Amino acid sequence: EAQVTQNPRYLITVTGKKLTVTCSQNMNHEYMSWYRQDPGLGLRQIYYSMNVEVTDKGDVPEGYKVSRKEKRNFPLILESPSPNQTSLYFCASSVGLAVYNEQFFGPGTRLTVL
Amino acid sequence: AQTVTQSQPEMSVQEAETVTLSCTYDTSESDYYLFWYKQPPSRQMILVIRQEAYKQQNATENRFSVNFQKAAKSFSLKISDSQLGDAAMYFCAYRSPRRDNNNDMRFGAGTRLTVKP
């Protein structure tokens, strides 16, 4: 089954404790991205990657890091989480750069930083 | 940068009735794509319908259709014969075709739709 998976689905942590949210897709998609969803703000892009070893900042990259060492994986790293990073996070992927192509979303990760 | 506005934070509709969700956007580009995504309580983002800006014909997917007004920069979603399973948060999204704009996808704040039995 074609899908985007994220782990963990739920995470409660404390300020300053490094964490990684994994994202993996099995569709051989070149394009992957991370979004955060906050009430009243919709989804905002954090980082994106157009292919292996090619990443760039989205609209709200501060406090986050990503890597793309393999085509299928695109982990999101919070080196020193803070309470303002409490949010719902989505990973997404799509075929190439054709804008018409649908973005497939993962199931989301609910992160709480105390 | 492009912006997407959904002016209705919440909407409700009676089962079997029709409801229209509004979306407007701001862009200087002439070619782009528009999407409606549904997010049920499971939180999964599900593509409902998409529209290419260069196509004048409005997209339709079963009970879902759009009213795309390019000059007015308006992209509303009509749900006909509403069903209980249509209850969800709906997001309007704009995607740029420009690689130097990272094929950016921008979302509105969302409209929460309630369906009353």
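Residues numbered from 1 in each chain as written. Chains lettered and ligands numbered in written order. Predicted model: local features only at pLDDT ≥ 70, side-chain atom pairs only at ≥ 80, totals over all residues. Heavy atoms only, no water.

### Observations concerning the overall build of chain B
Step number 1: A tally of regular secondary structure across chain B gives zero helices and twelve strands.
Step number 2: The N-to-C order of helical and strand elements in chain B reads β-β-β-β-β-β-β-β-β-β-β-β.
Step number 3: Here chain B has a C-alpha radius of gyration of 14 Å; the compact-globule value for 117 residues is 13 Å, and the two agree.
Step number 4: In terms of overall dimensions, chain B has C-alpha extents of about 45 × 30 × 20 Å along its principal axes.
Step number 5: The buried share among the 117 residues of chain B stands at 52%.
Step number 6: Restricting the contact set of chain B to residue pairs at least 6 apart, pairs at least 24 apart contribute 55%.
Step number 7: Surface exposure of chain B reaches about 5600 Å², of which carbon and sulfur atoms provide 44%.
Step number 8: Positive and negative side-chain charges of chain B, numbering 14 and 12 respectively, have mean locations separated by a distance of 4 Å. (Helix = DSSP H or I, 4+ residues; strand = E, 2+ residues; numbered from the N terminus. Rg over C-alpha atoms; globule rule 2.2 N^0.38 Å. Buried < 20%, exposed > 50% of the residue type's maximum accessible area, 1.4 Å probe, protein only. Contact = heavy atoms within 4.5 Å. Areas by Shrake-Rupley, 256 points an atom, 1.4 Å probe, with all protein chains shown as cover. Lys, Arg positive; Asp, Glu negative; His and termini not counted. Charge placed at Lys NZ, Arg CZ, Asp CG, Glu CD.)

### Some remarks on the state of the cysteines
Step number 1: Evaluation of the coordinates by the stated rule reveals two disulfides over all chains.
Step number 2: Across the disulfide, A:C23 is cross-linked to A:C91 (sulfur-sulfur distance 1.8 Å). Judged by the sign of its S-S torsion, about -70°, the bond between A:C23 and A:C91 is left-handed. Of the two residues, A:C23 sits in strand β3 (residues 19-25) while A:C91 sits in strand β9 (residues 87-94), which places them 68 residues apart along the sequence.
Step number 3: When its relative accessible area of 0% is taken as the criterion, A:C91 is described as buried.
Step number 4: Through a disulfide, B:C23 is tied to B:C92; the S-S separation comes to 2.0 Å. Residues B:C23 and B:C92 are joined through a disulfide that is left-handed, its torsion about the S-S bond being -70°. Residue B:C23 is located in the loop between β3 (19-21) and β4 (24-26), and its partner B:C92 is located in strand β10 (residues 88-95); the two are separated by 69 residues in the primary sequence.
Step number 5: The exposure class assigned to B:C23 is buried, which follows from its relative accessible area of 1%.
Step number 6: Relative accessible area serves as the criterion here: at 0%, B:C92 is assigned to the buried category. (Disulfide = S-S within 2.5 Å.)

### Quick look at the nonpolar core
All names here are of chain B.
Step number 1: If you look at the biggest cluster of nonpolar residues, it comprises 25 residues, and the most contacted ones within it are Y25, W36, F75, L77 and Y90.
Step number 2: Take this core: its biggest share by element is four residues, from β10.
Step number 3: What F75 contacts, discounting residues up to four positions off in sequence, is C23, Y25, L34, F35, W36, Q51, V66, N67, F68 and C92. (Core = buried A, V, L, I, M, F, W, Y, C linked by side-chain atoms within 4.5 Å.)

### What about the packing of aromatic side chains?
All names here are of chain B.
Step number 1: Counted by the stated rule, this structure contains 15 aromatic pairs over all chains.
Step number 2: Summarising the aromatic geometry, the rings of Y25 and Y94 are spaced 6.0 Å apart at their centres and angled 40° between planes, so their arrangement reads as tilted. Taken together, the residues span a long stretch of sequence, with Y25 in strand β4 and Y94 in strand β10 at a distance of 69 residues. Residues Y25 and Y94 agree in their burial class; the two are buried.
Step number 3: Here Y37 and F107 contribute two aromatic rings whose centre-to-centre distance is 6.1 Å and whose plane-to-plane angle is 50°, an arrangement assigned as tilted. In this pair, Y37 is assigned in strand β5 (residues 33-39) and F107 in strand β11 (residues 105-107), connecting sequence segments 70 residues apart.
Step number 4: We classify Y37 as buried; its relative accessible area is 0%. (Phe/Tyr/Trp six-rings, centres within 6.5 Å; stacked < 30°, edge-to-face > 60°.)

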